[in-house]
Amino acid sequence: TMKVVDLEIKRSEHRKEERERALREGGKDANSSASEAKNRMLARRQDKLLFVALHLLINLAEDPAVERKMVKKSLATMLTQCLDRKSPDCAMLVITFLRKLSVFEDNVKTMGDPEINTIHHLAKYVP
């Protein structure tokens, strides 16, 4: 399941880079309404898939041994990248998962790392 989340994050980043490159090159396809509708549809589907995968991971993380294995595979980094998603359901699930992980000191150090920048991503959710 973590591989699915990682793959979807990479796909999203790739799609974003492709749109930016098309805009820089001035391609006519970048501004068409059909491509925008397609991108919105793909983002919605991806958000649904990420929500299901993250929900499964949070349920699996009830076992501390499994949670430690997830943390070893840089789960905090993946969750931080998921905070950039537009879906409020995914955002709430990711915040809940990060809160659950923050109980352990090692995870807090990882989340405080300037490269991951979790605090910066979480700041936009604080009023």
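Residues numbered from 1 in each chain as written. Predicted model: local features only at pLDDT ≥ 70, side-chain atom pairs only at ≥ 80, totals over all residues. Heavy atoms only, no water.

### Section: the packing of helix 1 (residues 2-25) against helix 4 (residues 75-82)
Running from N to C, helix 1 and helix 4 point in directions that differ by 40 degrees, and their axes come no closer than 10 Å. The angle between the axes of helix 1 and helix 4 places the two elements in the oblique class. For helix 1 against helix 4, the interelement crossing comes out left-handed. Across the interface between the two elements, Met2, Val5, Asp6, Ile9 and Glu13 of helix 1 pack against Leu75, Met78, Gln81 and Cys82 of helix 4. Residues of the contact of helix 1 with helix 4, tallied by class, amount to six nonpolar, one polar and two charged. (Axes fitted to C-alpha atoms, helices over the stretch in contact; angles between N-to-C directions. Helix = DSSP H or I, 4+ residues; strand = E, 2+ residues; numbered from the N terminus. Parallel < 35°, antiparallel > 145°, perpendicular 65-115°, else oblique. Left-handed = near helix turned anticlockwise from the far one by under 90°. Contact = heavy atoms within 4.5 Å. Nonpolar A, V, L, I, M, F, W, Y, C, P; charged D, E, K, R; others polar.)

### Things to note about the environment of serine 33
Considering the arrangement of structural elements, one finds serine 33 in helix 2 (residues 33-60). For serine 33, a relative accessible area of 61% corresponds to the exposed category. For serine 33 and threonine 118, which are 85 residues apart along the polypeptide, the C-alpha to C-alpha distance reads 34 Å. (Buried < 20%, exposed > 50% of the residue type's maximum accessible area, 1.4 Å probe, protein only.)

### As for unusual backbone geometry
Of note, serine 74 is a non-glycine position whose phi angle comes to about 60 degrees, a positive value. Mapped onto the fold, serine 74 is located in the loop between helix 3 (64-72) and helix 4. Here serine 74 falls in the partly exposed class, since its relative accessible area comes to 37%. One non-glycine residue, asparagine 117, adopts positive backbone phi at about 60 degrees.

All quantities given are derived from atomic positions and should not be read as evidence of function.
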